[in-house]
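# Notes for the structure review
Here is what each chain is made of, one letter per residue.
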Amino acid sequence: MRVLGIEGTAHTVSAGIVDGERVLSNVSSTYRPERGGIHPREASIHHFENVTRVVKEALSAASLTMNDIDLVAFSQGPGLGPCLRVVSTAARALALKYRLPLLGVNHPLGHIEIGRKLSGASDPVMLYVSGGNTQVIAHRYGRYRVFGETMDIGVGNLLDKVARDMGIPFPGGPEIERLARDGRKLLHLPYSVKGMDTSFSGMYTATLRHIRKGERREDIAFSIQETAFSMLVEVLERALYVLDKEEILLAGGVALNSRLREMVSSMARDAGVRAYMTDPKYCMDNGAMIAQAGLLMFTSGIRQRLEETGIQQRQRIDSVPAPWVAEVQGSGFSMVGAESRIEVLRFFSREAITKRRLPKGYREAGLDTALRRERTRNEASILLRLMENGLPVPVLYDVDMEALSLTMERLHAVTLREYLMAHEGSAVMEALGSLVARMHSLGVSHGDLTTNNVLVGAEGQVWLIDPSMGSLAAGAEDTATDVFLLYECLRSQHPEHQSLFSMFMEGYRKAGGDAQGVMRKIEEIEGRRRYV
């Protein structure tokens, strides 16, 4: 089966052809503004002027004509509206003229599937990094789910904005990478991670201050890469442990960056998983990736009527089915977390565990030490505050800031993730809601409220663990983020997530939590996210 794919979500219009075995051709034309970033209308004019040419050249390079094509696929979204309309119109015209089936393809899905096809990855956790998107994605229950993403701007957008402010033309990422190789001083930048989500707007603001102070361009580039990429690799590693996967796939335009590839590979080696990198020729937006995803959709029985092929500027990858992926169950991570190693011991005749924060080889040494110290101290402080107020957390016995370790009570329990796989869970979710509301009433946030950081005992007792990224002076944003993180974790892992979350919110409300205020704040947080 031969599929023609046409891509045009942002700066690149491209046509590619695949036949199920290999990429037969791929031809692209990229819009490069004279100054500033992408101007959607100008980019769409570029696409209009070049789409016919790239399709003809793709057919010629594959030694084919349109009569040899079996399916036309195009990028349906997410993306810039004017650009999407050009390629969707071109794809419809070809499909109607040659009486071919037509499929609209989700843009991130294309990045995943060309990466899987060319790298050999089977069921990976994917770090998808581009100008508009920064997401951690994995397959669950018949489709790809988003387990973490940027809360504001994409990492590629961050690099391009910083480059523009330093007088570097679009695209700025390659020049930032070149400058960073000669960087020597790590400048302080906000390290903003919440669970498996990231935020880059504060980093951009801080970088502007360094530019205005006259810091070396090389040090600015070095610092922004080391900090931003460390955040990305951290959330990717956390997703591995939450999902129990054994493969990583790096994809998207920023995946061309050699330092990011090096950091992902280093983390994978230390974690004992396999890292796959998308072929550099197919990291940037391209038609072949749309063709590959369209082929998989079609051969899996997915069809679209013409009226279903309109553009969708904010289309989520988790809104489209992907039934062709065979999920692989990992072997499990025993007594090891994304950041820590757990050892069982006796502490003055009591059963205990020691939790030691592991150094991360992928992070710059000074940044790594500072983060581990900060999180060890923060976790101890929050546990003590919660213990003092009678909330169920492990009893803290000892803090060793030299070893960056905590010794605490050993709880005989399973994670909430494991518990919900085997139990109905409504009573536990209501109890958890009550517990979180009590924590928030103390002005404390957890910071990483996922189903792996809640333990459930044999009798349904609930404990909170690992609040190392929380706050002792939590505001409305912090408390809502706690609840939002839990909701996202449930949504991406459990088919019955809505009922589980409803029970959680019922317990939250009954315990005096401002459930309505939290939900309003969550809507605000969702509204700030960038999906294109």
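In what follows, the structure referred to is the one given above.
Residues numbered from 1 in each chain as written. Predicted model: local features only at pLDDT ≥ 70, side-chain atom pairs only at ≥ 80, totals over all residues. Heavy atoms only, no water.

Glancing now at the overall build of the chain. Regarding its fold elements, the chain presents 15 helices and 19 strands. Whereas a compact globule of 532 residues would reach a radius of gyration of roughly 24 Å, the chain reaches 24 Å, a difference of no more than 12%. Dimensions of the chain, computed from C-alpha atoms along their principal axes, come out at roughly 80 × 55 × 40 Å. Residues counted as buried form 60% of the 532 residues belonging to the chain. (Helix = DSSP H or I, 4+ residues; strand = E, 2+ residues; numbered from the N terminus. Rg over C-alpha atoms; globule rule 2.2 N^0.38 Å. Buried < 20%, exposed > 50% of the residue type's maximum accessible area, 1.4 Å probe, protein only.)

So, about the packing of helix α4 (residues 155-165) against helix α6 (residues 201-213). Where α4 meets α6, the axes come as close as 11 Å, and the angle between the chain directions of the two elements is 20°. Put simply, α4 runs roughly parallel to α6. Crossing of α4 against α6: the hand is right-handed. Note on element contacts: α6 touches α4 through Met203, Tyr204, Thr207, Leu208 and Ile211, opposite Leu158, Lys161, Val162 and Asp165. When grouped by side-chain class, the residues that make up the contact of α4 with α6 number six nonpolar, one polar and two charged. (Axes fitted to C-alpha atoms, helices over the stretch in contact; angles between N-to-C directions. Parallel < 35°, antiparallel > 145°, perpendicular 65-115°, else oblique. Left-handed = near helix turned anticlockwise from the far one by under 90°. Contact = heavy atoms within 4.5 Å. Nonpolar A, V, L, I, M, F, W, Y, C, P; charged D, E, K, R; others polar.)

On to unusual backbone geometry. A cis amide bond links glycine 77 to the next residue, proline 78, at an omega of -5°. Among the secondary structure elements, proline 78 is positioned in the loop between β4 (71-77) and α2 (81-97). Following phenylalanine 170, the chain continues into proline 171 via a peptide bond in cis, with omega recorded as -10°. Among the secondary structure elements, proline 171 is positioned in the loop between α4 and α5 (173-180). In this structure, aspartate 244 takes a positive phi of about 60° despite not being glycine.

The next thing to look at is the packing of aromatic side chains. Scanning the entire structure with this criterion turns up five aromatic pairs. When the centroid spacing of 6.0 Å and the interplanar angle of 20° are considered together, the rings of phenylalanine 501 and phenylalanine 504 count as stacked. Taken together, the positions of phenylalanine 501 and phenylalanine 504, both in helix α14 (residues 497-510) and three residues apart, correspond to about one turn of that helix. Through a chain of ring-to-ring contacts, the aromatic side chains of Tyr487, Phe501, Phe504 and Tyr508 assemble into a single cluster. A cation over a ring is seen here: lysine 161 above tyrosine 204, with NZ or CZ 4.6 Å from the ring centre. Here arginine 350 stacks its cationic end above the ring of tyrosine 397, 4.4 Å away from the centre of that ring. (Phe/Tyr/Trp six-rings, centres within 6.5 Å; stacked < 30°, edge-to-face > 60°. Lys NZ or Arg CZ within 6 Å of the ring centre and 35° of its normal.)

Attention now goes to the sheet that holds strand β1 (residues 3-7). Ordered by their spatial adjacency, five strands build an open sheet running β3-β2-β1-β4-β5, and the pairing between neighbours is mixed. At either end of the open sheet lies a strand with only one pairing partner, and these are β3 (23-30) and β5 (102-106). Across the sheet, the mean angle separating the axes of adjacent strands is 20° when strand polarity is ignored. Pairing of strand β2 (residues 12-18) with β3 involves seven bridges; the strand directions are antiparallel. When the bridges of β3 are listed, alanine 15 appears paired with valine 27. Set on the sheet, helix α3 (residues 107-119) makes contact with β1, β3, β4 and β5; between it and β5 the angle comes to about 90°. In this fold helix α9 (residues 287-299) packs onto β1, β2, β3, β4 and β5, with an angle of close to 130° to the strand it touches most, β1. (Pairing = 2+ DSSP bridges.)

Residues Leu158, Phe200 and Phe229 are the most contacted members of the largest nonpolar core, which totals 61 residues. The element that contributes the greatest number of residues to this core is helix α7 (residues 217-243), accounting for 16 residues. Residue contacts for phenylalanine 200: discarding those within four places in its chain leaves Thr134, Thr150, Asp152, Ile153, Gly154, Val155, Leu158, Ala228, Met231 and Leu232. Grouped together as the second largest cluster of nonpolar side chains are 42 residues, Leu396, Leu449, Leu500 and Tyr508 included. (Core = buried A, V, L, I, M, F, W, Y, C linked by side-chain atoms within 4.5 Å.)

Now for the environment of tryptophan 463. Looking at where tryptophan 463 falls in the secondary structure, it is placed in strand β19 (residues 462-464). Note on tryptophan 463: relative accessible area 16%, which makes it buried. For the pair tryptophan 463 and leucine 391, spaced 72 residues apart in sequence, the C-alpha to C-alpha distance is 8.2 Å. Residues in contact with tryptophan 463, not counting those within four places in the same chain, are Pro392, Val393, Leu411, Ala413, Asn453, Val454, Leu455, Val456 and Gly457.

What follows covers the pairing of strand β15 (residues 396-400). With four bridges joining them, β15 and strand β16 (residues 405-409) adopt antiparallel strand pairing. Looking at β16, one finds that valine 399 is bridged to leucine 406.

Here tyrosine 397 shows up in strand β15. When its relative accessible area of 21% is taken as the criterion, tyrosine 397 is described as partly exposed. Each C-alpha atom, one on tyrosine 397 and one on glutamate 409, is 7.2 Å from the other, the two residues being 12 residues apart in sequence. In this structure, tyrosine 397 is in contact with Phe347, Arg350, Glu351, Ala352, Thr407, Met408 and Glu409, ignoring residues within four places of it in sequence.

Applying the stated criterion across every chain yields a total of five cavities of 30 Å³ or more. Looking at the largest cavity, its volume works out to about 70 Å³. Taken together, Phe147, Gly195, Met196, Asp197, Thr450, Leu485, Glu488, Cys489 and Ser492 make up the full set of residues lining the largest cavity. Looking at the lining of the largest cavity, the element that brings in the most residues is helix α13 (residues 476-493), giving four residues. The class makeup of the residues in the lining of the largest cavity is four nonpolar, three polar and two charged. (1 Å grid on protein atoms, 1.4 Å probe; cavity = no way out; pocket = protein on both sides within 12 Å on 5 of 7 lines; lining within 4 Å. Points joined across faces, edges and corners; volume = space filled by probe spheres on them.)

What follows covers α7. An ideal rise of 1.5 Å per residue puts 39 Å on 27 residues; α7 measures up with 39 Å between its terminal C-alpha atoms. Buried residues dominate α7, accounting for 25 of its 27 residues. Just downstream of α7, aspartate 244 is the residue with a positive phi angle, here 60°. (Expected span 1.5 Å × (residues − 1).)

Our focus in this paragraph is the layout of surface pockets. Here the second largest pocket defines a volume of roughly 940 Å³. Surrounding the second largest pocket, 37 residues form its lining, His11, Ser130, Gly131, Asp160 and Phe170 being those nearest its centre. Contributions of two or more residues to the lining of the second largest pocket are made by α4 and α5. In terms of residue count, the dominant contributor to the lining of the second largest pocket is α4 (five residues).

For β5, the tally of buried residues reaches five of five residues, placing the bulk of the element in the interior. Judged by which residues are buried, β5 turns out to be covered on both faces: Leu102, Gly104 and Asn106 on one side and Leu103 and Val105 on the other are all buried. Where β4 meets β5, five bridges bridge the pair, whose relative direction is parallel. Opposite valine 72, over in β5, you have leucine 102 as the bridge partner. Between the parallel elements β4 and β5, the chain passes through α2 in a crossover that is right-handed. (Right-handed = clockwise from strand over helix to strand, strands pointing away.)

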